[in-house]
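# Architecture and fold: a report
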Amino acid sequence: MIGLLCLDLGTSSAKAALIDLDGRTLAVGSASYATTSLPGGGAEQDPEDWLLAARTAVGQVATAGIEVAALCLTGQMQDLVLEGEHGALRPAVLYTDQRAARDAQQLRTALAQEGTDWDAATGNRQDLSSCAAMFRRLARTEPEATARAHGVTFGPAGHLAARLGAGLWCDLTTASTTGLLDATTRDWHPGVARATDLEPALLPRLTRGHGQAVGRTDARARDLLGLEAGVPIVFAPGDAGAAALGVTGTVTGKDHASLGTSGWIASIRPPATTPDASQGTSHRLALGEDELLISAVLAGGAAAAWARDAYLGGRDAQAADSLLAERECTHGRGPTGLLVLPSLGGERFPVRDDALRGAVLGLHAATGPAELYAGTLEGVALALSHALDPARAGEELTVVGGGAASAPWRRILADVTGRPVRSLSAPGADATLLGTAIAGAEALGLDHDIAPLAERDGELTVPDPAAAQAYAALRPAHRALYDAAGRIGDLAARA
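For the structure given in this document, a descriptive report is provided here. Sequence positions are assigned chain by chain, starting from 1 and proceeding in written order. Reporting of local features is limited, given that this is a predicted model, to residues whose pLDDT is at least 70; pairs of side-chain atoms are given and counted only at 80 or more, and all residues count toward the totals for whole chains, interfaces and linings. Hydrogen atoms and water are omitted, and side-chain values are computed over all heavy atoms in the structure.

## Examining the overall build of the chain
Counting secondary structure elements, the chain contains 16 helices and 24 strands. Each radius of gyration reported is based on C-alpha atoms, and the globular scaling rule is 2.2 Å times the count of residues to the power 0.38. Expected size for 495 residues packed as a compact globule is a radius of gyration near 23 Å; at 23 Å, the chain falls within 12% of this value. Considered along the principal axes of its C-alpha atoms, the chain spans approximately 65 × 60 × 45 Å. By the burial criterion, 57% of the 495 residues in the chain qualify as buried. A contact between two residues is defined here by any heavy atoms of the two lying within 4.5 Å. Excluding contacts between residues fewer than 6 apart, the proportion of contacts in the chain whose partners are at least 24 apart in sequence is 73%. Using the Shrake-Rupley algorithm and a 1.4 Å probe, accessible areas are obtained, with residue cover drawn only from the displayed protein chains. Counting every atom, the chain has about 19600 Å² of accessible surface; 51% of that belongs to carbon and sulfur. Think of it this way: Lys and Arg go in the positive column, Asp and Glu in the negative one, and His and the chain ends go nowhere. Where a charge lies is defined by one atom per residue type, namely NZ (Lys), CZ (Arg), CG (Asp) and CD (Glu). Here the chain holds 40 positive side-chain charges and 57 negative ones, and the gap between their average locations is 3 Å. Put simply, DSSP marks the helices as runs of H or I at least four residues long and the strands as runs of E at least two long, and each gets a number from the N terminus on. Partly exposed describes any residue whose relative accessible area lies between the buried limit of under 20% and the exposed limit of over 50%, with all areas from a 1.4 Å probe on protein chains only and scaled to the type maximum.

## Observations concerning the sheet that holds strand β14 (residues 212-216)
For two strands to count as paired, DSSP must find a minimum of two bridges between them. The sheet built from six strands is open, its strands ordered β3-β2-β1-β6-β15-β14 with mixed pairing. Looking at the sheet topology across the chains shown, the edges are occupied by β3 (25-32) and β14. For this sheet, the mean angle separating the axes of adjacent strands, direction not counted, is 20 degrees. Judged from the four bridges that link them, β14 and strand β15 (residues 232-235) form a sheet pairing that is antiparallel. From the neighbouring strand, arginine 216 faces β15, where its bridge partner is proline 232. Fitting a line to C-alpha atoms yields each axis, with helices limited to the stretch in contact; the angle taken between N-to-C directions then spans 0 to 180 degrees.

## Here we look at the pairing of strand β5 (residues 42-45)
Of the two faces of β5, the one lined by Gly42 and Glu44 and the one lined by Ala43 and Gln45 are each fully buried. Bridge analysis of strand β4 (residues 36-38) against β5 gives three bridges, and the strand direction is antiparallel. Bridge pairing in β5 links leucine 38 to glycine 42. In sequence, β4 turns back onto β5 through a hairpin of three residues, with glycine 40 there showing a positive phi of about 80 degrees.

## Structural notes on the side chain of histidine 256
Within the fold, histidine 256 resides in strand β16 (residues 256-259). Accessibility expressed as a relative area gives 3% for histidine 256, which makes it buried. Those residues in contact with histidine 256 that lie beyond four places of it in its chain are Ala244, Val247, Thr248, Trp264, Ile265, Ala266, Leu397 and Thr398.

## Points about the pairing of strand β2 (residues 13-20)
Along any regular strand the residues' side chains alternate between the sheet's two faces. Counting buried positions over the eight residues of β2 gives seven, a clear majority of the element. Two elements, strand β1 (residues 2-9) and β2, share seven bridges in a ladder whose sense is antiparallel. Its bridge partner lying in β2, cysteine 6 is registered against alanine 17. Two successive antiparallel strands, β1 and β2, enclose a turn made up of three residues. Bridge count for β2 against β3 is seven bridges, and the pairing is antiparallel.

## A look at the packing of aromatic side chains
Ring pairs are drawn from Phe, Tyr and Trp, using the six-membered ring of Trp, whenever the two centres fall within 6.5 Å, and their geometry is named by plane angle: stacked under 30 degrees, edge-to-face over 60, tilted for the rest. Considering all chains together, one arrives at two aromatic pairs under this definition. Relative to tyrosine 311, the ring of tryptophan 306 lies with its centre 5.4 Å away and its plane at 80 degrees, an arrangement referred to as edge-to-face.

## Here we look at the environment of serine 322
Summarising the element assignment, serine 322 is placed in helix α12 (residues 317-331). Taking the relative accessible area as the measure of exposure, serine 322 reaches 40% and is therefore partly exposed.

## Some remarks on helix α2 (residues 101-113)
One less than the residue count of a helix, multiplied by 1.5 Å, gives the span that helix is expected to have. Its 13 residues place the ends of α2 19 Å apart at the C-alpha level, agreeing with the 18 Å of an ideal helix rising 1.5 Å per residue. Taken together, the buried positions of α2 are occupied by Asp103, Ala104, Leu107 and Leu111. On an axial view of α2, the arc spanned by its buried residues comes to 100 degrees, and they lie on one face. Residues of α2 that are buried in the fold lie against α3 (118-122), α4 (131-141) and α8 (190-196). Just beyond α2, the residue with positive phi is glycine 115, at close to 85 degrees. Note: the arc covers the axis-to-C-beta directions of the helix.

## Let's talk about the sheet that holds β16
Taken together, the seven strands give an open sheet; going across it, the order is β18-β19-β17-β16-β22-β23-β24, and neighbouring strands pair in mixed fashion. Bordering the open sheet on either side are β18 (283-287) and β24 (458-461), each of which pairs with just one other strand. With direction set aside, neighbouring strand axes in the sheet form an average angle of 25 degrees. One ladder, built from seven bridges, connects strand β17 (residues 263-269) with strand β19 (residues 290-297); its direction is antiparallel. Residue pairing for β19: arginine 269 is matched across the bridge by glutamate 291.

## Observations regarding the pattern of salt bridges
Definition used for salt bridges: Asp or Glu carboxyl oxygen within 4 Å of a side-chain nitrogen of Lys or Arg. Enumeration over the complete set of coordinates arrives at 26 salt bridges. A salt bridge links arginine 108 to aspartate 119, with the shortest nitrogen-to-oxygen separation between them at 3.1 Å. Placement of the pair is arginine 108 in helix α2 and aspartate 119 in helix α3, with a sequence separation of 11 residues. Since its relative accessible area comes to 15%, aspartate 119 is described here as buried. Between aspartate 127 and arginine 348 there is a salt bridge whose closest N-O contact spans 4.0 Å. Here the residue aspartate 127 occupies a position in the loop between α3 and α4, and arginine 348 occupies one in the loop between β20 (339-341) and β21 (359-361), the gap between them amounting to 221 residues. Connected through salt bridges with shared partners, the residues Glu44, Arg90, Asp97, Arg99 and Glu142 form a single ionic network.

## Side note on the side chain of serine 130
Within the secondary structure, serine 130 is located in the loop between α3 and α4. Throughout this description, a polar contact denotes any pair of N or O atoms lying within 3.5 Å of each other; where both atoms belong to protein, one of them has to be capable of donating a hydrogen while the other can accept it, and for residues adjacent in sequence the pair is counted only when both atoms sit in side chains. Reaching out from serine 130, the side chain makes a polar contact with the backbone nitrogen of alanine 132 at a distance of 3.0 Å. Polar side-chain contacts of serine 130 include one of 3.1 Å to the backbone oxygen of threonine 178. Once residues lying within four places of it in the same chain are set aside, the contact partners of serine 130 are Gln78, Trp118, Thr178 and Gly179.

Here you go:
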């Protein structure tokens, strides 16, 4: 039997899976690692912890009797790793690091003086989370480290590939998040690199397609991962791209939603002729020959968990669902009468505002805990609905993530969006690892039947017509509440 050993080095853990060419998950493993918080909003991880976790996760995946066709890599994106001759020169700067605001502004100004609009050039709104700004900050604060760098990588997958002897690589999806990729040419932007003080020779090579074989494991693989030398290494898209492949496959124009800790609407689309970053609230990432459009709400499942603690005395999700089901039996489906912004600490969509805070509008004397909790779930669903084209109401919306297990939340999402919501019942299937396997099989030209989750059986929740009509009428007011809350926050900050 042939299997693909897939490894996802995420924000908090390494996950491994052995997936055969029929799409069956034969074995899984995982191991966590820590993030170090530093003064000024710093967030870093030790790349050696990534490797230790990867070895542990891979060690939990039994490969006896299985021919491993390839090691397929994905992981968190938009990190900055300074690569030395024998490994990372310092801890990796994570995408959540907040220390490069000054450098991002200086970089924007320097590029404007050269006639380059940073956002337009990269097809995305750029800020302090850009790897370009991160490198500029390190060049300013740790010049000895940047001077010793043999190259840079932009996440754990790139670092592991380098340690396994494949050289320096970056997939296009991850490259789209760095602030260094030209959205039109899909190559590194020389002007941005120059303004960043980053020598072009330090940048990794870019992969093409949905996945690319970048080399084979060398003798170091046994110590690093417990693998033999000579195993092909496939570089899959970064985790957001791999997850999209795992949910909808490579087809374009099919939306899906995630109700994880954060929430998002994503779809693979043909590339825009002229990338437009004017709104700056959705991310456009290269994915194969297409692009992945992601509209991300920072607090999805996190807002639901907060509401259970704040309103329901810490009830678990199952108990909260029972309470919502009881309320629905009494009041029926439809709006609670509340308008909720689920933004607990800044927002990325439908507005980008790091200072935005949540809001609840419509409280009255009869408002109770169940209404407040249901209103929070409505708020997340309404936030996501701003990314969907109302003209496509009626098309199925696949939903993944922990929140997708909640039947009441699925009904709310269906009513708010006006779309039938399909939740997936594929035990043991992880969208990111499954997408990594699809990318690996494509890259190797293997004959396979690895189907994305959207093509598998799942439960369909259809919208209630009256409830959907009522929510559609509320949607403009909910969108306007973001702007009002932002103005109130500005006034409060100046008071």
